[in-house]
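Read off the chains here:
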Amino acid sequence: MKTKIGIPRALFYYEFASLWVNFFSELGLEVIISPKTNKKIINDGTIAAVDDACIPVKIYHGHVINLRNKVDYLFIPRIMGITKKEYICPKFCGLPEMIKYSVKDLPKLINTKIDLMKKDNLLNQMLEVGYIFINDKKRIVEAYHKAKAIYDYEKSKLKLPLVNNTNNVVIMGHPYILSDDYLNMNIKAKLKKAGLNYLLPEMFDDDILTKYAKQYNGKVFWYFFHQMIGTCFYLLEQKLVEGIIYLSSFGCGIDSVVAETVERNIRRNCDIPFMLLTIDEHSGEGGFNTRLEAFIDMLKWRKQNENYISPYGNYLYTR
Ligand code: SF4
């Protein structure tokens, strides 16, 4: 019987899924991924996690609980950084400990450190993971390269040239919020149903976002700041979107700075409508839908108003 390894479908799973799943499969393991987020997963995670954790971290706990009796190992890497010279949220560095002390009866944890901040040493880190299962460097390196090629291809498929479409709406936010349709209350499907075309930061070329992030008058030392502020300045210059929605998580320390900075820059420098939606485990879909529908209606009415002027005044913020 094959050894089973579990990967929680949450947080950076959405970024690295194809790399991790193909790597472990190439090593001959059976990879079990937790199901898509559902009510039970959120409830279990909320009960298990510490109260002040953000909703994506609580959901991660729920996915671990779903997997714990089904696998021999759980892959919960200690992610320190995924790009050079940029920090990510400290919750990722302490995730293995959070899980260990909040969830009982766990299988063996693989909590290898993944740190891509200083140099591209992902291969060495995956070698460390591979040696847990087989003592064959050549096979592990081959497994890594096969998985990395698939990962690179899939990432490249997401990139889109930004085209002028009068129905473009950008949804900004951390990738694990935008990819988890239960958590983001199916916002993408709702926009599509309303006849709008949605764009996500991950669809824009990384080099373009880096170039535009440099316009920020300050040091961009967080990965999420880089992504969001780069997207923001890119959109401000291109003016090819009708509206911008920022989905944030209640209690997110990073977004208390990033979302605020993005909002100020958008409101000060352009007249593109912007809406910040903050979600947590108590967010009701009714309230979420009402705000989204009002935003969509406003985008449509705006096109019919020849003066293009908001009924409540020009801008909330001034230069
Ligand atoms: S960046 Fe924010 S939403 Fe993401 S894990 Fe950290 S606190 Fe949670």
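Just so it is clear, the model here is predicted, and its values are computed rather than measured.

## Side note on the nonpolar core
Looking at soluble globular proteins, one finds that nonpolar side chains tend to be buried together.
Inference 1: Grouped together as the largest cluster of nonpolar side chains are 108 residues, with contacts concentrated most on Trp20, Phe23, Phe24 and Val262.
Inference 2: Top element by residues in this core is helix α11 (residues 223-238). It accounts for ten residues.
Inference 3: Looking at this core, you find at least three residues from each of domain 1 (4-158) and domain 2 (168-304).
Inference 4: For Val262, the residues in contact, after removing those within four places along its chain, are Met172, Met228, Ile229, Cys232, Tyr246 and Phe274.

## A few points about the packing of aromatic side chains
Inference 1: Summed over the entire model, instances satisfying the criterion amount to 18 aromatic pairs.
Inference 2: Measuring from centroid to centroid gives 5.2 Å for Tyr212 and Tyr234, while their planes differ by 50°, and the two rings are tilted. Taken as a pair, Tyr212 in helix α10 (residues 206-213) and Tyr234 in helix α11 lie far apart in primary sequence, 22 residues in all.
Inference 3: With relative accessibility at 5%, the residue Tyr212 sits in the buried group.

## What about the domain arrangement of the protein?
Put simply, an interface is often sized by how much accessible area is lost when its parts join up.
Inference 1: Domain parsing of the protein yields domain 1 (4-158) and domain 2 (168-304).
Inference 2: Each partner contributes to the interface: domain 1 provides 24 residues, whereas domain 2 provides 21 residues.
Inference 3: Where domain 1 abuts domain 2, roughly 2000 Å² becomes buried across the two surfaces, and 65% of that area is made up of carbon and sulfur atoms.
Inference 4: At the boundary of domain 1 with domain 2, the tally comes to one salt bridge.
Inference 5: Our count for the domain 1 to domain 2 interface comes out at five residue pairs in polar contact (both at pLDDT 80 or more).

Conventions and cut-offs
Residues numbered from 1 in each chain as written. Predicted model: local features only at pLDDT ≥ 70, side-chain atom pairs only at ≥ 80, totals over all residues. Heavy atoms only, no water. Core = buried A, V, L, I, M, F, W, Y, C linked by side-chain atoms within 4.5 Å. Buried < 20%, exposed > 50% of the residue type's maximum accessible area, 1.4 Å probe, protein only. Helix = DSSP H or I, 4+ residues; strand = E, 2+ residues; numbered from the N terminus. Domains from an automatic or database assignment. Contact = heavy atoms within 4.5 Å. Phe/Tyr/Trp six-rings, centres within 6.5 Å; stacked < 30°, edge-to-face > 60°. Buried area = accessible area lost by both parts, 1.4 Å probe. Salt bridge = Lys/Arg side-chain N within 4 Å of Asp/Glu carboxyl O. Polar contact = N/O pair within 3.5 Å; in protein donor to acceptor, adjacent residues only side chain to side chain.

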